[in-house]
Structure formats: C-alpha cells, structure tokens
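In case you want the letters, here they are:
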Amino acid sequence: MGKMNSKLMEVFDCEELLAKEEGEGTKAATKVIPLAEISSNDVIGIYFSAHWCLPCERFTPLLADCYKEMKAAGNKFDVVFASSDSNKHEFEEYYASMPWKAIKFEDRERAKKLSGEYKVQSLPALVLLDAKSGKVISSSGKEIVLEYGAQAFPFSEEKLQQCKREKAAETDAIFTENFQENFQTFGANATMGKTGELVPMKDICAHKYVGFVFGNYNHVGQGPFEKFLLPRVTEVLNEVRQLYGSDSFQLLYVPWQTTKDDSPLRAIMDFPGVSLDIMNDEEVTDILEDIFEDIGMPCICIVTGDGKSVVTKNITTRILENGAIAFPWTDDRLQELEIQKKERQELTKNETQQNFKTLFTDSRDFLQRGLGSEEKVSAEQLCSNSIIGFYFSASWCGPCHAFTAQLAKLYNEVKADGKKFEIVFLSSDNDAEAFQQHFQQMPWLALPFDERTTFEKLKEAFDAHSIPSLFLFDSSGKLLTDDGRSCVYSGAASYPWGLF
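The paragraphs below set out a description of the structure included in this document. The structure displayed is predicted, hence computed values, not measured ones.

**Considerations on the overall build of the protein chain**
Step number 1: On a plain count of helices and strands, the protein chain comes out with 18 helices and 21 strands.
Step number 2: In terms of C-alpha radius of gyration, the protein chain reaches 29 Å, well past the compact-globule figure of 23 Å for 500 residues.
Step number 3: With respect to the principal axes defined by its C-alpha atoms, the protein chain has extents near 85 × 70 × 40 Å.
Step number 4: A burial count over the protein chain gives 48% of its 500 residues as buried.
Step number 5: Across the protein chain, every contact between residues at least 6 apart in sequence was considered, and the portion connecting residues at least 24 apart equals 62%.
Step number 6: Only carbon and sulfur atoms are counted for the fraction: they give 48% of the accessible area of the protein chain, which is about 24,500 Å².
Step number 7: With 53 positive and 77 negative side-chain charges, the protein chain shows a spacing of 5 Å between the two charge centroids.

See the structure below:
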C-alpha cells in the first residue's frame, strides 16, 4: 500500500475508492481500496462520464486502450471515474466496462463537487492532475488522448510539443509522398470555377500556400457552404493577395463525400477545383483522410504549394473569425496577433486612465452632448464626474433601443439628484446618418462617428463585442466594472452601486 498523499486527500476528500480485481480483465469484480493505493502514481486522471452519454460511450473504449497501453509501458498513471449516473445499477453497469478506479456511487456528491471545482462543462471530460502536488496538468485530457494517445504521457507541455512535432512529421511524410509532384494525387489539371477552363496543377502549386476547400453541392445559393462560406473565403483570398502578393495564396476546391454533379456550385466559384471523377476514387479519399483525419463540412486545410508540408488542418473557423490578417492561420501566427492585441489593449487602457485622453484629439478638445444640444464638454469637465460610462450601442440593435430608454431614465434621475455621473456613447452603427438619429435620443455625450479608429481601439481594449454593453470608470479612467448593465437594473437609488 502506498503512503497517503495529503494533496490527493484534499482533491478527492474520501478515504476509499473502487478498483478492479486483478487478472480478470475489464469485467472483473470490484473491490474497495484505500485512496493511498493510487499515491505512488505520477499522474491521476479524473474521468467525468456517464452511461447515458453517447460521446462517453465512444470515448471510454479509446481511453481504456490508452490506459492499458500506458500501464503495460510501466507509466505511473491511473484514472478515477467520477460518475454522473443517477442510480447505482447504471453506475455499476457502466463501471464494469472500465479497467481503472472509481469514486464510490455512495460518494457521488463528491464526484459532483469535483465537476464544479474543475469547471466541467460537458461529458466526457478528463482532468489530468500531478499526483504529488494535486495541481492540474491539463483540463483537456480527452483531447490529448484523442490526438496523441499513450505517447503523450506524462502530459507535460514539453512532451505534448514533442508529440505534436512527431505527428506533424508523420503527416508531412504521407503528404509529401502523395503531393510533392505538383499535387499528383489530384491529377494534372484542375478546372477554374466560373469559366470551366483547365488550370494546370503546377500553376496552383506555384503559390506559397494552398487552401484545400472541402465541400459538396447542396442547392446552389441555399446551402451554408455556397451561401456563407464561399463568399467569405473568396474575400479573404483576395485580401491575402493584396497583403502578401498574388503568389502567396490560392484556394483549391475539393469535392467531398458526393457523387452529384456539382457544376452549378463550381459556376459561382472564383477559384479552381479538383475533378469530381478523381475524388470518386476511394484510394484518393483514403489518402486525404490519412493526412487530414476528420474532414468535417465545411473544412479548409492549408498546405504548402511545394507539396511538402501540411500547415494547418481544418481551420475554417480561424479564417472566418480572424480574416486575412492571420494568414496562414497557424498557432504561432494567432499567438503573435494575440500578443499584439494585448499590447494595443494596454496602450488604450493606459490612455483612458490619463484623463480619458483616448476620447480627445489635438484638434478636438471636447465631446458633444446629444438631444440636439449645443453643449460641448471638455476633458476637464468629463473628469469632474465620479462615474463615467462607455456605452456601446447601435441603432440597428433591437435590445439596444430598450436598454437605451432604461439607461436614459436612470441617467436623468441620477443627474437630477445632483450626482456626478456621465456617459459617452460609442456607436457601432454602419453610417453617420444612423448614428446621428440614434444619438439624438440620448441625453449624454458621444465620440464623433467619423473617428472610427478610436472606436475600434476602445472596442478591442474592453472586449466590447456584444451590445448593448456599459463599462463604468472612475474619474481617473480606472475601470470599475464591465457589467454596468447590472448597475442600471438595480436603479438610480442604488448609485454608486457599491463600486467604491
């Protein structure tokens, strides 16, 4: 028996676990063991799962195979099942398929508490802990197992990076074998979408990067692929070429899981596509699945034009959310952009804390009041208020209209009570006329509509990506709360809403 680890005792808050009798396989009878028996491990995985969960039903056998492989390799690893089952029979039936330990059904409240402590949002989930310290190594154990299997042990960042490199090398080897000679697997030519002209595959490979766009024909103009994805990725393609040059990027349509004539779909494409006949060859689809694995719909994968490397797999969401600036949408590029974003956010926040410097310019040292007023408010006057709000809103936003009316009522009541309170409207409207119509209903101040760069800086700095939103600051520009709406709901009588 291992020596009791106080850290594990803190984690599990119980003295006993269920375990399987040795030598009888997965279906072995259960026994009760002291918690101390798992103390000699390096890593403990808490497996949140339930018999009624279909994704769990698929993942549990994979985890069991991975577990047995690690055990056979002598890795100091164990798993503790934390059940979300509602009755003992279901718990016992499900646990019978598992080779590891479990929190007893009678201690299910502890399992429930662990789920909350580790912020488990969905099942299955595998939280990996350092057995000696009790600290979380990763909350993404399921994803790690699916991606790298037993090779990822002991799940350190260094080991995961090694696994990532090894897997990328294996993928590149398969890709190179089948695509190095001008994407030979796709044939000698592609067909240009709108014109139907043949495009030599070697011309496509002349681009530094190529995006394989996996899709199929639904009903032209109606399906999400043609209605939403195609216009956006075509726009991004053109933007990338403007930013990085015409030979930087090309898209290549790859018909997927379809035998239907897709000529109507190709007719609305501004980039070439692989022959449908080639894609109906099972050997070709097997090769692509070996390289790109789960090819969902829609799916865009980036490769190098020389046919030697897979850059990113299934990054459709990255392209749609980040646009051309994130090209070629690698982890490194996104991390670089995130660092730049944080630097910009800090700069804007620092400027805001300098008497709201961000809101003013060398040529404009005031803000205009709404409701058709001629009043101009200087930075000094603005900063004389105890609380200043940044109100992100727009005329096209239905919920904004209702909240604006409620905010105006509160604003007038607070001001009538002699309290030092001011608001600055930051508009998400698409044109100056809409902004003006919306602003004329407001009794407070506004950033001029034509200063869109400043608006975007403030929107990014405070992550104001949903509207209406209200951020409240003190007179120095220090952020008091990003949930000013809750203050409004509590009413004018509650001013200053416990913010000081």
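**As for the packing of helix H13 (residues 331-352) against helix H17 (residues 452-461)**
Step number 1: At a minimum axis separation of 9 Å, H13 and H17 run at an interaxial angle of 105°. Regarding the angle of H13 to H17, the classification is roughly perpendicular. Between H13 and H17, the residues in contact are Lys341, Arg344, Gln345, Thr348, Lys349, Glu351 and Thr352 and Lys457, Leu458, Glu460 and Ala461, respectively.
Step number 2: When grouped by side-chain class, the residues that make up the contact of H13 with H17 number two nonpolar, three polar and six charged.

**Notes on the packing of helix H5 (residues 141-148) against helix H6 (residues 157-179)**
Step number 1: In the contact formed by H5 and H6, the axes pass within 11 Å of each other and the chain directions differ by 35°. Between H5 and H6 lies a crossing of left-handed hand. Along its contact with H5, which presents Ile144, Glu147 and Tyr148, the element H6 presents Leu160, Cys163, Lys164 and Lys167.
Step number 2: When the residues that make up the contact of H5 with H6 are grouped by side-chain class, the tally is four nonpolar, no polar and three charged.

**Things to note about the pattern of salt bridges**
Step number 1: Scanning the model with the defined rule gives 25 salt bridges in all.
Step number 2: Between Lys104 and Glu16 there is a salt bridge whose closest N-O contact spans 3.0 Å. Placement of Lys104 in the loop between strand E5 (101-102) and helix H4 (108-117) and of Glu16 in strand E1 (residues 16-20) is noted, with a sequence separation of 88 residues between them.
Step number 3: Where Lys71 meets Asp78, a salt bridge forms, and the shortest distance between an N and an O atom there is 3.7 Å.
Step number 4: Lys71 gets classed as partly exposed once you look at its relative accessible area, which sits at 34%.
Step number 5: Note on Asp78: relative accessible area 3%, which makes it buried.
Step number 6: Each of Glu147, Lys167, Glu293 and Lys313 takes part in a single network of salt bridges with overlapping partners.

**Structural notes on the layout of surface pockets**
Step number 1: The space that makes up the largest pocket amounts to roughly 1,100 Å³.
Step number 2: Around the largest pocket, the lining is made up of 28 residues, and of these Glu147, Tyr148, Lys164, Lys313 and Asp331 lie nearest the centre.
Step number 3: At the level of secondary structure, the elements contributing two or more residues to the lining of the largest pocket comprise H5, H6, strand E14 (310-312) and H13.
Step number 4: When residues of the lining of the largest pocket are assigned to their parent elements, the largest contribution, eight residues, is made by H6.
Step number 5: Taken together, the residues of the lining of the largest pocket sort by class into nine nonpolar, seven polar and 12 charged.

**Section: the state of the cysteines**
Step number 1: Scanning all chains against the criterion turns up one disulfide.
Step number 2: For the unlinked cysteine Cys163, the closest cysteine sulfur is that of Cys66, found at 10 Å.
Step number 3: Under the relative-accessibility criterion, Cys163 is labelled buried at 4%.

**Re empty space enclosed by the protein**
Step number 1: The tally for this structure, following the rule as stated, stands at one cavity of 30 Å³ or more.
Step number 2: For the largest cavity, the calculated volume is near 30 Å³.
Step number 3: What lines the largest cavity is Val233, Val236, Phe249, Leu251, Ile300, Ile319 and Trp329.
Step number 4: Within the residue set of the lining of the largest cavity, elements represented by two or more residues are helix H8 (224-244) and strand E11 (249-255).
Step number 5: Broken down by class, the residue content of the lining of the largest cavity amounts to seven nonpolar, no polar and no charged.

Calculation criteria
- Residues numbered from 1 in each chain as written.
- Predicted model: local features only at pLDDT ≥ 70, side-chain atom pairs only at ≥ 80, totals over all residues.
- Heavy atoms only, no water.
- Helix = DSSP H or I, 4+ residues; strand = E, 2+ residues; numbered from the N terminus.
- Rg over C-alpha atoms; globule rule 2.2 N^0.38 Å.
- Buried < 20%, exposed > 50% of the residue type's maximum accessible area, 1.4 Å probe, protein only.
- Contact = heavy atoms within 4.5 Å.
- Areas by Shrake-Rupley, 256 points an atom, 1.4 Å probe, with all protein chains shown as cover.
- Lys, Arg positive; Asp, Glu negative; His and termini not counted.
- Charge placed at Lys NZ, Arg CZ, Asp CG, Glu CD.
- Axes fitted to C-alpha atoms, helices over the stretch in contact; angles between N-to-C directions.
- Parallel < 35°, antiparallel > 145°, perpendicular 65-115°, else oblique.
- Nonpolar A, V, L, I, M, F, W, Y, C, P; charged D, E, K, R; others polar.
- Left-handed = near helix turned anticlockwise from the far one by under 90°.
- Salt bridge = Lys/Arg side-chain N within 4 Å of Asp/Glu carboxyl O.
- 1 Å grid on protein atoms, 1.4 Å probe; cavity = no way out; pocket = protein on both sides within 12 Å on 5 of 7 lines; lining within 4 Å.
- Points joined across faces, edges and corners; volume = space filled by probe spheres on them.
- Disulfide = S-S within 2.5 Å.

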